[in-house]
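Examination of the molecular architecture
So the chains spell out like this:
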Amino acid sequence: MNIIFFLEVQSLQKSVSVTKFKNKTNPLIALKKDLTLNKCAYLMLAPVILYYLIFQYFPLYGAQIAFKDFEFSRGIIGSKFIGFENFVEFFNAFYFWRIIRNTIVLSLYNIVFGFPAPIILALLINEVKSTTFKRITQTLTYLPHFISMVVICGLILDFTSRGGVVNDLLHLFGVPPTAFMLEPQWFRTIYVSTDIWQQVGWGSIIYLAALTGINQELYEACNVDGAGRWKQLITVTLPGIAPTIIIMLILRMGKLMDVGLEKVMLLYNSNTYETADIISTFVYRKGLIDMSYSYSAAVGLFNSAICFVFLIIVNNISRRVNETSLW
Amino acid sequence: MLKRRSVSEITFDYFNIIFLVFSVVIMIYPFLYVVFASLSDPARFAEHSGLLLSPLSLSFDSYKAVFDNPNILNGYKNTLVYLLVGTTINMALTTLGAYSLSLRKLKMRNYIMMGIVFTMLFNGGLIPTYILIKNLHFIDSIWAITLPSAISTMNLIIMRTSFQSIPASLEESARIDGANDLVIFARIMIPLSIPVISVMILFYGVGNWNAWFNASIYLRSREKYPLQLILREILIQNSTDSMMTGAAASDDKSLVSETIKYATIVVATVPILMVYPMLQKYFVKGVMVGAIKG
């Protein structure tokens, strides 16, 4: 899905620079003309703009409560301004380093093990000759992506419990039973491996599409030159999908600090906070359970800002190193 | 062209197939286990340990228990209502937005699009959104579930790209005949985009069916809970509680509930599995519609 976002950003840049070049008349007059000429189209667009203003931009405006001591009775504007107090409190909090570390480590594990998995799957599927087998494999590997997170996490908790299937199987090898989800040292392993299980098939779509885009004549040339399958993989296939891999990696790295809330929230418990508590779950607990709205909003804003800066840094590095970037 | 394959290539092909079959089994087996367990006799299942290759003495007791549970039936009903209202709002806004943003004549469309794409990079976050919903008095109402996620920007972009790929000449000839944007949208664009629209309905539908988080923070009264929240109580909260308290799964009641749990999962997942063949036929196409362009 990320790739769609990437293509959109690129085409927008192109088209915006074109329109700038063409606009020579007074922009206000041009705008008025545009509005009257296309009244109908803008009316159709109005509810959409309204949606984005209310549900996306208003919360952005509301994020200022991070600098205030927000109370519902006083409202966003009326609440007392306290500057960076919430941020300072967060940086000095006992759990500050723990949740930062957990977020980064969980994310890094997920990239190191989860990023190559769909690429490998796509390459293996691509080597299969029978189209029926290919199609069936694809269909079945996409399936976990569509099952609800609640069901997936329910299954994980159930299978890894003391009397669950995983322990039953380990018992055959004489391993004593463990309640895996109560042990902090198992949390990351289980999170990452089940994440691969859920997303590997779906993630491989984009690479399979890139693989079909490779010029078939290159393979024929390889055959003429007597290059084997392995040689073809190294000299034709991998360079062919390299741009896709790089873009996906940039987008993935840009989300390093942005770990989703839902799965962790369903899997963790107070025994595993040591490795499982991440920024987003901390925001959730502080804000919606302890009701420290401003403090929690400050943590959330800090996280968004870091994510944003991180994406820009990763993008710039990538532009310098291999001339592929989002913008 | 006939080419002799070397021994190593043949070996690779075999291992590749074996590996892929093995992966597929890992992907699918957990679900098969759930189906087998749900159809098993509760008492026999409780004594059993390890994998299941077929139901242990076929029994529908667990399903009976699931359909006797008023919470699950009520959750089902609520989810269907949220799904219908939610997906209708999703589709109305997404198609309208995608079509008007695909019109090249709109001078401001790129700036509006930039504003929309920006929200994918940066948003207000959980708490400011919660405060907004509370100030709008949406708490504990269907609007808290359907409106905040009314448009998925990703889907909007996919739809817009697909509208852009419809030849402009069709639109021009309709315009010469005096049709305005709304007429073109309803009479030309929608009928020509049925495949993408069905993909979108399925995407949004699956998303609405599976959604639980907004419901869990915005809904207060239990009779309004969607199915996923009831499932969360049964699957997550109960098992976490029993794990934490170390309750032994030995008394008869929890034996029954073990298979009921699996039957609940099946009941809650069957609708997805029913649309899955359709979904899977169209969705790669739908995803690629968004990706293929200049």
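Residues numbered from 1 in each chain as written. Chains lettered and ligands numbered in written order. Predicted model: local features only at pLDDT ≥ 70, side-chain atom pairs only at ≥ 80, totals over all residues.

Thoughts on the overall build of chain A
- When its secondary structure is counted, chain A shows 17 helices and two strands.
- A globule of 327 residues ought to have a C-alpha radius of gyration of about 20 Å, yet chain A, at 25 Å, is considerably larger.
- By the burial criterion, 34% of the 327 residues in chain A qualify as buried.
- Long-range pairs, those at least 24 residues apart, make up 66% of the contacts in chain A between residues at least 6 apart in sequence. (Helix = DSSP H or I, 4+ residues; strand = E, 2+ residues; numbered from the N terminus. Rg over C-alpha atoms; globule rule 2.2 N^0.38 Å. Buried ≥ 20, exposed ≤ 12 C-beta atoms within 10 Å, placed from the backbone. Contact = placed C-beta atoms within 7 Å.)

Some details on the overall build of chain B
- In terms of regular secondary structure, chain B is built from 14 helices and zero strands.
- In sequence order, the secondary structure elements of chain B are arranged as α-α-α-α-α-α-α-α-α-α-α-α-α-α.
- Per-residue burial over chain B gives 38% buried out of 294 residues.
- Across chain B, contacts joining residues at least 24 apart in sequence account for 75% of those joining residues at least 6 apart.

Brief notes about the nonpolar core
- Judged by nonpolar contacts, the single largest core of 113 residues is most densely connected at V150 and C153 of chain A.
- Here this core gets nine residues from one element, more than from any other, and that element is helix α9 (residues 149-159) of chain A.
- When residues of this core are assigned to domains, at least three map to each of domain 1 (24-57) and domain 2 (113-322) of chain A.
- Setting aside its immediate chain neighbours within four residues, C153 of chain A contacts K263, L266 and L267 of chain A together with I236 of chain B.
- Grouped together as the second largest cluster of nonpolar side chains are 16 residues, I205, I206 and Y207 of chain A together with L20 of chain B included. (Core = buried A, V, L, I, M, F, W, Y, C linked by C-beta atoms within 7 Å. Domains from an automatic or database assignment.)

A few points about unusual backbone geometry
- Look at M291 of chain A: it is not a glycine, yet its phi comes out positive at around 60 degrees.
- For M291 of chain A, the location among the structural elements is in the loop between α16 (279-289) and α17 (293-322).
- What makes M291 of chain A exposed here is the crowd of 11 C-beta atoms within 10 Å.
- For S57 of chain B, which is not glycine, the phi dihedral falls at a positive 35 degrees.
- Tracing the sequence through the fold places S57 of chain B in the loop between α2 (42-47) and α3 (61-68).
- Accessibility expressed as a C-beta count within 10 Å gives 11 for S57 of chain B, which makes it exposed.

Description of the confidence of the model for chain B
Residues and elements named next belong to chain B.
- Summarising the model, chain B shows a mean pLDDT of 84, and 88% of its residues fall at 70 or more.
- pLDDT under 50 marks residues 248-253. Its contacts with residues more than four places away, or in other chains, come to three contacts.
- pLDDT under 50 marks residues 290-294. Its contacts with residues more than four places away, or in other chains, come to ten contacts.
- Scoring the predicted complex yields pTM 0.88 and, for the interface, ipTM 0.87. (pLDDT = per-residue confidence, 0-100.)

Concerning the interface of chain B and chain A
- Contact with chain B, which involves 88 residues of that partner, is made by 83 residues of chain A.
- The class makeup of the residues in the side of chain B that touches chain A is 60 nonpolar, 21 polar and seven charged. (Nonpolar A, V, L, I, M, F, W, Y, C, P; charged D, E, K, R; others polar.)

Describing helix α10 (residues 181-192) of chain B
- Here α10 of chain B has its buried residues at D181, I184, F185 and M189 of chain B. Projected down its long axis, α10 of chain B carries its buried residues within an arc of 100 degrees, all on one side. Across α10 of chain B from its buried face, at more than 90 degrees, point the exposed residues R187 and P191 of chain B.
- Of the surrounding elements, those touching the buried residues of α10 of chain B are α3 (39-62) of chain A together with α4 (70-102), α8 (153-164) and α9 (168-176) of chain B. (Arc of directions from axis to C-beta.)

Brief notes about the domain arrangement of chain A
- By domain assignment, chain A separates into domain 1 (24-57) and domain 2 (113-322).
- For domain 1 of chain A and domain 2 of chain A, the distance between their C-alpha centroids amounts to 39 Å.

Here we look at the environment of M120 of chain B
- When you line up the elements, M120 of chain B lands in helix α5 (residues 109-121).
- Note: C-alpha distance between M120 of chain B and N16 of chain B (104 residues apart in sequence) is 39 Å.

Notes on the packing of helix α7 (residues 116-127) of chain A against helix α1 (residues 7-38) of chain B
- Contact pair α7 of chain A / α1 of chain B: the axes reach a minimum separation of 10 Å and the direction vectors enclose 125 degrees. The angle between α7 of chain A and α1 of chain B falls in the class oblique. Considering only the axes of α7 of chain A and α1 of chain B, their crossing is left-handed. Contact residues: α7 of chain A offers L124, I125 and E127 of chain A, while α1 of chain B offers N16, F19 and L20 of chain B. (Axes fitted to C-alpha atoms, helices over the stretch in contact; angles between N-to-C directions. Parallel < 35°, antiparallel > 145°, perpendicular 65-115°, else oblique. Left-handed = near helix turned anticlockwise from the far one by under 90°.)

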